[in-house]
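# Residue-level structure breakdown
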Number of protein chains: 2
Amino acid sequence: MNIVQQQKCFGGRQIRYQHDSRTLNCSMQFSVFLPPQAEQGPVPAVYWLSGLTCTDENFSSKAGAQRVAAELGLALIIPDTSPRGEGVADDAEGAYDLGLGAGFYVNATQAPWSSHYRMYDYVLSELPALVESELPLNGKRAISGHSMGGHGALVLALRNPGRFVSVSAFAPISNPTDCPWGHKALSAYLGEDRAAWAEYDASLLLKAKGSSLPMLVDQGDADNFLAEQLKPEALQAAANESSAKLELRLQPGYDHSYYFIASFIEDHLRFHAEYLG
Amino acid sequence: MNIVQQQKCFGGRQIRYQHDSRTLNCSMQFSVFLPPQAEQGPVPAVYWLSGLTCTDENFSSKAGAQRVAAELGLALIIPDTSPRGEGVADDAEGAYDLGLGAGFYVNATQAPWSSHYRMYDYVLSELPALVESELPLNGKRAISGHSMGGHGALVLALRNPGRFVSVSAFAPISNPTDCPWGHKALSAYLGEDRAAWAEYDASLLLKAKGSSLPMLVDQGDADNFLAEQLKPEALQAAANESSAKLELRLQPGYDHSYYFIASFIEDHLRFHAEYLG
């Protein structure tokens, strides 16, 4: 992996890397924040999955997470939201919610997506193996994300017990088998087999399997996407049924933007730090 | 003034306004952060002047200033960096350091700039009068800025004793009569009369007039523009000669970016809060 850009930030280092991904079959960029504590020895990591249209830059520049990560001694690992580059399929009409910037953290099985769109495996396996071999990380991982990335964080954590010590999300797409964004993406990437979709639906996974993971979800009640796309009530119902440890907080007046994320990222990082030790 | 966008942030409100500026002779946008304390009564304000190529959005979304402003009860007033819109002159070659996004906080006297480029008067008079009549502000003002905006903040504060209780800057263009950015902008906007240039040079102003203002300046020592464009040593020399209260801090390893600003904006807001009462 090659350093594209590196900047000092809150006493630590904000670094953008490039590498050739075997899983995604293309060149990828991702960002990392290494806190000052990483100069002394390996630190735990919080993975952040971004939402539709984002790259690794949005969270890096807008969330203000480095301040708290520097205080708590947490690395931040921030992947892109889809494969990129020439030869990577995009939506024919350039829609913002399918193709580039909209990988939905699934392993696509349908043409033309299946040759590159394997963000599930990338975030679960290739990226952690890479950064843990190259950077001062101690192998302890938590995961969080926003909107499409909140969906990705919940699904990755629920399907892989033991991989992450805790999971959190901001305004996640909680029940993608039952919303327009989810229908569009899952049918394109996975075809019409609803059983395949269910493997990427946090509410269905939680209802079916339960979970002992600590889970924190923040949702703004002035979020334009709340009722039609996000459906946190489905996640809450699944948590109730399965006695999962979900804290779902409805934040009055907050919308879907990075101003909402910036306002509560400190709570999320402190939540994860408790379990990362 | 009309609300273009409004978002809850750290319990306060981040608002983007549009208004028709008489001073600039065009429609302008600017951003404001109102802390939660503004719901109870008028609060003091920190004016933020951004650098080359920025609009009001860069500081609003990248500096992380709202968290501390919400804690301290400070409003943030964030103007654009030049006049905008059809009919507003731009550099013929679209240079980033002249014309749109590069108003340099001067009152231009030369064609074609003089019909719109009056950012000095806009920030000094029209904008404060507007926001203080429309928003819960108590009329106490501090001013800060970055790079070209650090230059603007220092010049506005030094030329107008009593208007601002304190001034700070990140990597300001400290001596624009003696650097390439300054030569280009000042000769275009003001012509070749060097006496006119001197009215917009913080180091010359401080040397000539002195100041009793509290001044805080942060400068990264890994800033690519440090030696050729920024020249904080000229400001320090002028402060020493005039016994001004300048604290100039050289921050090791930091560059010219918003990661640098984000790392130290808390110090600047706490500095201003001390004088804003």
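Residues numbered from 1 in each chain as written. Chains lettered and ligands numbered in written order. Predicted model: local features only at pLDDT ≥ 70, side-chain atom pairs only at ≥ 80, totals over all residues. Heavy atoms only, no water.

### Observations concerning the interface of chain B and chain A
Taken residue by residue, the interface counts 20 residues in chain B and 20 residues in chain A. Of all residues in chain B, Gln 7, Lys 8 and Tyr 259 of chain B bury the most surface against chain A, accounting for 38% of the area lost on that side. Between chain B and chain A we count 0 salt bridges in total. At the surface where chain B touches chain A, the tally comes to 10 residue pairs in polar contact (both at pLDDT 80 or more). When contributions to the side of chain B that touches chain A are tallied by element, the ones reaching two or more residues are strand 1 (2–9), helix 1 (56–62), helix 2 (65–72) and helix 10 (258–276) of chain B. At 4 residues, helix 10 of chain B tops the list of elements feeding residues into the side of chain B that touches chain A. Among the residues forming the side of chain B that touches chain A, the class breakdown is 6 nonpolar, 9 polar and 5 charged. (Contact = heavy atoms within 4.5 Å. Buried area = accessible area lost by both parts, 1.4 Å probe. Salt bridge = Lys/Arg side-chain N within 4 Å of Asp/Glu carboxyl O. Polar contact = N/O pair within 3.5 Å; in protein donor to acceptor, adjacent residues only side chain to side chain. Helix = DSSP H or I, 4+ residues; strand = E, 2+ residues; numbered from the N terminus. Nonpolar A, V, L, I, M, F, W, Y, C, P; charged D, E, K, R; others polar.)

### Considering the confidence of the model for chain A
Considering every residue of chain A, the mean pLDDT works out to 98; 100% of them sit at 70 or more. Prediction confidence for the complex, expressed as pTM and ipTM, is 0.96 and 0.95 respectively. (pLDDT = per-residue confidence, 0-100.)

### As for the relation of the copies chain B and chain A
The operation relating the pair of chain copies consists of a rotation about an axis and a translation along that axis. Under the fitted operation, chain B is carried onto chain A by 0.0 Å of movement along the axis and a turn of 180°, and the coordinates agree to an RMSD of 0.0 Å. Each copy turns onto its partner about a two-fold axis. Residues of chain B ranked by C-alpha distance from the rotation axis are headed by Lys 62 of chain B, positioned 2.4 Å from it. Of all interface residues in chain B, 100% are interface residues in chain A too; the two copies therefore contact each other through one and the same surface. (Least-squares fit on C-alpha atoms with pLDDT ≥ 70 in both.)

### Describing the pattern of salt bridges
For the structure shown, the criterion picks out 28 salt bridges over all chains. For the salt bridge of Lys 184 of chain A with Asp 97 of chain A, the shortest nitrogen-to-oxygen distance reads 2.7 Å. On the criterion of sequence distance, the pair formed by Lys 184 of chain A in helix 5 (residues 180–190) and Asp 97 of chain A in the loop between strand 5 (75–79) and helix 3 (119–134) is long-range, its members being 87 residues apart. Classification of Lys 184 of chain A as partly exposed rests on a relative accessible area of 33%. Its relative accessible area of 9% is what places Asp 97 of chain A among the buried residues. Of the charged contacts in the structure, one is a salt bridge between Glu 132 of chain B and Arg 141 of chain B, with a shortest N-O distance of 2.7 Å. For Glu 132 of chain B, a relative accessible area of 25% translates into the label partly exposed. The class of Arg 141 of chain B is buried, set by a relative accessible area of 12%. Salt bridges here are not isolated pairs; linked through shared partners, they connect Arg 67, Glu 71, Glu 266 and Arg 270 of chain A. (Buried < 20%, exposed > 50% of the residue type's maximum accessible area, 1.4 Å probe, protein only.)

### Quick notes on the environment of Phe 59 of chain B
Residues and elements named next belong to chain B. Assignment of secondary structure puts Phe 59 in helix 1. Linking Phe 59 and Ala 262, residues 203 residues apart in sequence, is a C-alpha distance of 9.2 Å. The residues touching Phe 59, leaving out its near neighbours within four places in the chain, are Trp 48, Ser 50, Ala 65, Leu 76, Ile 78, Tyr 258, Ile 261 and Ile 265.

### With respect to the sheet that holds strand 9 (residues 246–251) of chain B
Residues and elements named next belong to chain B. Pairing is mixed in the open sheet, where 9 strands are placed in the order 1-2-3-5-4-6-7-8-9. Of all the strands in the sheet, just strand 1 and strand 9 have a single pairing partner and so form its edges. The average undirected angle you get between the axes of adjacent strands in this sheet is 20°. As defined by bridge partners, strand 6 (residues 137–146) adjoins strand 7 (residues 167–170) across 4 bridges and the pair is classed as parallel. (Pairing = 2+ DSSP bridges. Axes fitted to C-alpha atoms, helices over the stretch in contact; angles between N-to-C directions.)

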